[in-house]
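Listed here are the chains, written in short residue letters.
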Amino acid sequence: MPGTAAKRALLLGCALATCAGASAAQDVRSDFTQPHDVARPLVRWWWFGPAVQADELKREIAAMKAGGFGGFEIQPVYPLETRGNLPYLSDDFLKMVHVADQAGLAAGLRVDVTLGSGWPYGGPNTSPDQASAHIRKLIQDARLPLPTLQPGERFIAGFVGADASSARLVSLDHAITAQAGDKLFLFLQSPTGQQVKRAAVGAEGLVLDHMNKAAVEHHLSAVADRLMTAFDAPPSSVFSDSLEVYGADWTGDLLAQFQKRRGYDLTPHLFDLFDDSPATADVRHDWALTLSELTDERYLTPIEDWAKAHNTNFRAQVYGTPPVSLSSNALVDLPEGEGAHWRQFSTARWASSANHIYGRPVTSAESWTWVHTTPFRATPLDIKAEADVLMLEGINQFVAHGWPYSPPDAGEPGWSFYAAGVFNDHNPWWGVMPDLTAYLTRMSWLLRQGENVADAALFLPEDDALAATTPGKATINGRMHRWITPELTASLLDNGYNFDYTDAAAIAAKGVAHKILILPDVERLSPRTCATLRDYVAKGGHVIALGRLPDHGTGLMNAGQDAADVQACAHSLFPNGAVKLADLPAALRGVGMPDAAGLPSGVGYVHRRLDRADIYFVANTSNRSVSFTPVFRAANVAQAWNPVTGAAQVATGQITLAPYESRVFATGSEGAPPAPTRTMTLQSGWTLKAPKGETKPMTGFGSWTRDPALAHYSGALTYSRTLRLTPAQAKGHVTLDFGAGQPVPPPKRAMGSQALLDPPVRDAAEIFVNGRRAGSVWSAPFVIDLSGYVTAGDNRLEVRVSNTAINELSGRPTPDYGPLIAKYGERFSPQGMNRLQPLPSGLMTAPKLEIAP
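Definitions and limits used
Residues numbered from 1 in each chain as written. Predicted model: local features only at pLDDT ≥ 70, side-chain atom pairs only at ≥ 80, totals over all residues. Heavy atoms only, no water. Helix = DSSP H or I, 4+ residues; strand = E, 2+ residues; numbered from the N terminus. Buried < 20%, exposed > 50% of the residue type's maximum accessible area, 1.4 Å probe, protein only. Lys, Arg positive; Asp, Glu negative; His and termini not counted. Salt bridge = Lys/Arg side-chain N within 4 Å of Asp/Glu carboxyl O. Contact = heavy atoms within 4.5 Å. Disulfide = S-S within 2.5 Å. Pairing = 2+ DSSP bridges. Core = buried A, V, L, I, M, F, W, Y, C linked by side-chain atoms within 4.5 Å.

**Q** Report on the side chain of aspartate 272, specifying residues and quantitative values.
**A** Tracing the backbone shows aspartate 272 in helix α7 (residues 270-274). Despite its burial, aspartate 272 pairs with no opposite charge; the closest candidate is arginine 284, at 7.4 Å N-O. Here aspartate 272 is in contact with Ser277, Ala279, Thr280, Val283 and Arg284, once residues within four sequence places are set aside.

**Q** Could you give an account of the state of the cysteines, with specific residues and numbers?
**A** One pass over the structure, following the stated rule, counts 1 disulfide. The partner cysteine of cysteine 530 in its disulfide is cysteine 569, sulfur to sulfur 2.1 Å. Across the S-S bond of cysteine 530 and cysteine 569 the torsion is about -100°, and the bridge reads as left-handed. Pair noted here: cysteine 530 is in helix α15 (residues 527-538) and cysteine 569 is in helix α16 (residues 559-573), with a separation of 39 residues, a long-range link.

**Q** If you had to explain the environment of leucine 525 to someone new, which residues and values would you point to?
**A** Structurally, the position occupied by leucine 525 is in the loop between β20 (516-520) and α15. Here the alpha-carbon distance between leucine 525 and valine 566, two residues 41 residues apart in the chain, equals 6.8 Å.

**Q** Account for the pairing of strand β42 (residues 793-802), with residues named and values stated.
**A** Pairing of strand β34 (residues 716-725) with β42 involves 10 bridges; the strand directions are antiparallel. Bridging across to β42, leucine 725 finds its partner in glycine 793. Inspection of the sheet shows strand β39 (residues 764-769) paired to β42 by 6 bridges, in the antiparallel sense. Across the sheet, residue isoleucine 767 finds its bridge partner in β42, namely valine 799.

**Q** So what's going on with the pairing of strand β35 (residues 733-737)? Residues and values would help.
**A** Here β35 lies mainly inside the structure; 4 of its 5 residues are buried. Bridge count between β35 and strand β41 (residues 783-785): 3 bridges; the pairing is antiparallel. Each residue of the ladder has a partner; that of aspartate 737, found in β41, is valine 783.

**Q** Which residues make up the nonpolar core, and what values go with them?
**A** Core analysis: the largest hydrophobic core is formed by 141 residues, its most contacted members being Trp45, Trp47, Phe72, Leu115, Ile518 and Phe617. Leu710, Leu725, Leu756 and Val777 belong to the second-largest nonpolar core, a separate cluster that totals 40 residues.

Take a look at the structure:
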């Protein structure tokens, strides 16, 4: 298609940059009310089987566009039926990718694709010799024959002796001389045996070795290159999911690479990987550091280079196993995070921090992965609650997890992923999806403007994490909870200081741009990093050692001298010693006033600084209403913007945020303060239109499931009444308030996030006045402005309420996946689908009409 590449580049546009130009609050306001398409959320589009057809692909793409999404990521996954599955990478499959790509381009949507099926990378093209591997230790009688090697296995080294401390290295290529009682200590490289998770038909196989360049390049040649033939022009980006290569901690040439990089032979120290000794921590550090470097150089870098050579971008979740560092994010075009955990360590902040440091303005997140756990259970309020937390972690591009492809013959509510939110148009509350995506787009755009403001940087003790590595558990981010604790995070956030993470590589490359650097219980620090921190302090920076002073270097070579140098450097940096966690707030205030004071616990903020303005996003992440008087460090913060509607008013001293409500505060003045109101409860006069079309007078508010005929109904019901207003009332400010809702306790067990609120609207409502859509209500405060829609005299008020699909599903038997499992094996486990009960639905309380002059 002529011009396709240029059109795609134009579509991606600002996805890689701020597309700024806004320098003052009034410049941002126009884009805030009508946000740019480039900031729209994306969806992960699951192709089950894949059993997809061209007409349905086109229909779903049109629905994505109508729902306010900006694009999709094609992700082929496990089958849901026994027939019609197009084998992965077959000609028929690639034809469907081409159909989706062309339809997406025609609709003006961004098209991304995963370079594989399921996760991690691998499949039928991965041989045992190129599969993920681990080191294992085997002990046997030294006089017995060597064990038979399985495919992909190899001997690393062997030692003979009465015990590990006296064992000597022996050659395994010759007969072993041993005495009675001697043991043979064998170290072997063995495949982990991990299979690609959630693989599509034809994509099954071993996970590849992410530290083996030949394995990665073979995957790119066999899978990625063939996948690209389905695109007339390259996709907007290619995607790699989180590094969940469980147990991976070895690769074929590790001994040679270790010798080259660390300066000594690992072979005599192999026991230290498994057993404790004085050198254990140093050896494990050097081993895990080598794994990390090889993953950077042989997985991330080749795919980034491949993406550049194919005129696309590499989007990747850079964390997990094998170990990668925060600065590994700098090796990919579009780092991505996940996890709504703003008050503890999170990979979302891990990705956004790296982007702040390395100058990448857009940070995406795999969002709503386990939201309310059961498919179709999530409500718009659940989605907003998690979105706000992700934004507090620095996320400004959402990738919804996700959109299940569902064929027409699947009926309603159609197919779903085994554990995730459902964002497609089979969802009963789809009618408010454009309003929800407008909120996500508006905030994503706003949080790309200017630069992020964070006073503090938390130094990640990555070298300590490497030293704590044990066989089968090689990860950096997976150990950070030991140092980046909820208590430390709360000490910063509850005292008004926002923060990023940083690491030694980032400091070496970019220095420290933050006002304060905190070392949380850091033991290991290189002399070079410590010297850089002394320069930072000499130029006016502030370093706080929390809990202890660093006193150890970062590896076995020159360990004694490095330790002495680090200890001397640390004592010069911290003549008064380390600070206790309880004293951290006082130490922070000694550096400068907080950026946003007076925020209750559970209320967070993000500060963006423009050339001539400051913007604060403030979110209540709790299930209770809070009133407080914020004190922002930026002067003249006088505007308050509603990010759900885009409306503005003057920011008053004390503000009240409803449960899970958010607001934007900006410098300048605009709007008008709220006026006093007159309230009328609309208790009577309502009718209810049932699914089959009959309209009946209402006898009271509450869940429509009290009617046995509606107990398993999923969809929309319409509440109607006449609203009579005088001319004066119709000219005033008229709002409809549905109530506040009630807090609920957290569940005993929950995989993902959910809003802990029983709302007055279950679960979303569209409001019509005299046949015109006035808007929707789906989050707190459950209020809608009817000004400009009502007229003097009689008005027809309609409230169309929709619930979730759970009620309909609860009335059905649990699906029988026996034939599917018999044919393809058990590739997924449905979450919670065997214990569904109908959920409350409808208007729980009588709405109130509020009129202000």
